[in-house]
Structure formats: structure tokens, C-alpha cells
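Per-entry structural report
Okay, here's what each chain looks like letter by letter:
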Amino acid sequence: MTKKKYAVLDLFCGCGGLSKGFEMAGYNILLGVDFNEAALKTYEYNHHGSKTLCGDLSAPETFDKIDNLLDGKKIDVIIGGPPCQGFSLTGPRQFDDERNKLYLAMIETVRRYKPKAFLIENVPGMATLYKGEVRDEIVKRFTKMGYNVNNKILCSADYGVPQIRKRLVFVGILDPDNKFEFPKPYLRPEEYITCEQAIGDLPSLEHTLGDDISEYEREPMTDYQKQMRGSCNVLYNHKSIDHKQFVKDTIALVPDGGNYKDLPPGVGESRIFHMAWTRYCSYKPSRTIDTGHRNNFHYKWNRCPTVRESARLQSFPDDFVFLGNKGQQDKQVGNAVPCLMAKAIGIQLLKYLK
């Protein structure tokens, strides 16, 4: 008897970090919806068999398009990370304000399709925004629909991701007597995967900029590197920025794990803020991967991380190929949910769906 694969609809899917994690956990991703065409091209390339829709989820006609693409298939789980910028301006009493339309669209989609479960991820600041009133209102609305909702701030490093990235996650179960318990951490802080353990096997690019398609130069040295490579024998998206010499010279003055505070007086003063000239620390997980502002640098080499290195730190496997120009690829990686954290939640959720 084949194992049942629960059907998933991914909203605000981006390039598909959440989808990839749930796919790893054994789910069937039916459809990814987003408004970013470049990210959707990457999504479609990597999620074989999944459909995509480029559409505005706040527009009523988008639901007709979703219905057509689903073609009568039942949705078991809805996942997504809707933008929440509007809440900081409107507050809980204006929850239905136009500026919150994308979050409201997520709620409306769950109401329409009534899945067995849903997952929403967002920035941890939402948990305390207006003393937690926004978070409480979200829980209240889903509770009225019959969902038992739990929420928690998770750290991706706890689940084998070589990155300190915290996210607020809501999970609702369509069962008033069944409350979702989040997966316990897989690793203790002293066991966290470090930057060197994650990307130390990738070519240095000291004498070349690399290319979109290249080759590995050495065997994997850690279990994490083996896990990320899998059966992949081609290296994708490992291409460096052509930094000006004064930038390389400035980076060279920053020690492993250091930042602008370690620079001599008068050097690098064009960028002085808390993340400026920050080198990743070889013996710790990375900081949160951003969308490509060129403030973070390789722990050893005098350059920004490549898209592949950032993808490794987000726990995307090496056979996940990013499409588009460099800026688009950086944005796709930075906006994604770490795959291994999504996988951990997906595996835990299976216990409730059964």
C-alpha cells in the first residue's frame, strides 16, 4: 500500500523554500502562487509536477484561476508567508485595512478551501507588535473557522540549518481537540552546523569569478556537505561578484567573524552601521541571510558569498537551481524559508494529519 501524500497549496511561495521542505517531508505540492515572475520561474524549474500561478492574491479573480489549476483536487494543507508590513501602520483595530490585504487573502484562502491544516510563517517581530494584539487577532480569526491554532518563534539552527534565522510560525489544525506541538530542536547550540561545515568544500574562486554551471573541486568533508550535494555532480550558481580592489583590500582587514569595528581608523567609513563589513564566522552558523545588500562576506575569502553559498546556508540542496539575474537570485534565496526547518515542521505535521 503506497503512503498517502497530502496535497499542498503554497501561497506567496517565492522560489519555494517552504515547498521544498514539505516535499522533503513527503508531501505533494500541487500549486505555488506568487506575484514575482522571476521567483516563479525558479519554483517551476525545481518543483517538477507542481503548477505555478502568477497572480495577485488580493484580487477575487485569482481564486477562479486557482480553482481551474487545482481541477477539483482536494487541498489538505495550505502554507505560506504573506507580507505583514501593513500591520505596523494600521494596528489591530484596523486589521481589515487595505494595506493588510495580502494577509487577509491568506485567511480567505484557508476559509475557502478548508484544509486539514495550515502554516503561516512571518517575522518574529509580529509576535510582540502592539503588545501581541495582531498575533492574537490572527489566532482569533482562524479559531472562529474551527482551527486549533498554535504559534511559536522557531530558530532554524535548531533544525540543522547553518544559520541563526528566527521566524514566527502559526500552525492550525482543523480539530478543536488537537493542538499542534512544534517539533523539538534537533540540535543543541553547541552542535549547530557552522559556516565552514556548510560551505567549506566549495571552490574558493580566488583566481576566477566562477560560473553559473561549474564543477566541484574536492570531496565533501562534513555530513552536512554530503547531505546538500546528494547525488548532484554539477555545481550551480557558484559565481562571485567582481569586487573592486579597494573593496577586497578592506574585506581583507576584517578578521573571521568580525565587522567594521575591526577596521583601522579611516578605513571603510563609507559604510558604518551594525551589519557593515561583516564576515561570516567560520565556527558559528551564519547570521540571517539577506536579499543581497553586500554587507556580509565569506569567512575566509575576500568577497561576498555566492548564490550557492547563501543557498547552502539556507539548506537548499545543491540540485536546486536558481534562475534569473544575480540580484533576482539573491532575493529569492534571502526571502525563502530554510528548507530543513520547513521539513521538520512538515514531518511533525504528518502526525496530526494521520
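The coordinates are above.
Residues numbered from 1 in each chain as written. Predicted model: local features only at pLDDT ≥ 70, side-chain atom pairs only at ≥ 80, totals over all residues. Heavy atoms only, no water.

**With respect to helix α12 (residues 339–353)**
In a regular helix each residue adds 1.5 Å, so 15 residues correspond to 21 Å; α12 covers 20 Å between its end C-alpha atoms and thus fits that length. With respect to burial, α12 is a largely interior element, 12 of its 15 residues being buried. Looking at the buried residues of α12, the elements they touch are α1 (17–24), β4 (77–80), β5 (117–122), β6 (148–155), β7 (166–173) and α8 (223–229). (Helix = DSSP H or I, 4+ residues; strand = E, 2+ residues; numbered from the N terminus. Expected span 1.5 Å × (residues − 1). Buried < 20%, exposed > 50% of the residue type's maximum accessible area, 1.4 Å probe, protein only. Contact = heavy atoms within 4.5 Å.)

**Considering helix α9 (residues 245–252)**
Within the sequence span of α9, burial applies to Val247, Thr250 and Ile251. Looking straight down α9, one finds its buried side chains confined to an arc of 100 degrees; they lie on one side. Check the buried side of α9 and you find it contacts β10 (278–279) and β11 (296–297). (Arc of directions from axis to C-beta.)

**Side note on the environment of Lys20**
Of note, Lys20 is situated in helix α1. With a relative accessible area of 11%, Lys20 lands in the buried category. Counting along the chain gives 26 residues from Lys20 to Asn46, while the straight-line C-alpha distance between them is 8.6 Å. For Lys20, the residues in contact, after removing those within four places along its chain, are His47, Pro317, Phe320 and Cys339.

**Details of the packing of helix α5 (residues 101–113) against helix α6 (residues 133–144)**
Running from amino to carboxyl end, α5 crosses α6 at an angle of 20 degrees, the nearest separation of the two axes being 10 Å. Taken together, the axes of α5 and α6 lie roughly parallel to each other. For the crossing formed where α5 meets α6, the hand is right-handed. Two secondary-structure elements touch here, α5 through Tyr103, Leu104, Ile107 and Val110 and α6 through Ile138, Arg141 and Phe142. (Axes fitted to C-alpha atoms, helices over the stretch in contact; angles between N-to-C directions. Parallel < 35°, antiparallel > 145°, perpendicular 65-115°, else oblique. Left-handed = near helix turned anticlockwise from the far one by under 90°.)

**Comments concerning the pattern of salt bridges**
The full count for this structure, using the stated rule, is 17 salt bridges. Note that Glu121 and Arg167 form a salt bridge whose closest N and O atoms lie 2.8 Å from each other. A residue pair is termed long-range when its members are at least 10 positions apart, and Glu121 in strand β5 and Arg167 in strand β7 qualify at 46 residues. Linked by salt bridges that have partners in common, Asp201, Arg229, Arg312 and Asp318 make up one network. (Salt bridge = Lys/Arg side-chain N within 4 Å of Asp/Glu carboxyl O.)

**Details of the sheet that holds strand β1 (residues 7–11)**
Spatially, β3-β2-β1-β4-β5-β7-β6 is the arrangement adopted by the seven strands of the open sheet, whose pairing is mixed. Each edge of the open sheet carries a strand with a single partner, namely β3 (51–54) and β6. The mean angle between the axes of side-by-side strands here comes to 15 degrees, regardless of whether they run parallel or antiparallel. Running at roughly 145 degrees to β6, α6 makes contact with β5, β6 and β7 of the sheet. (Pairing = 2+ DSSP bridges.)

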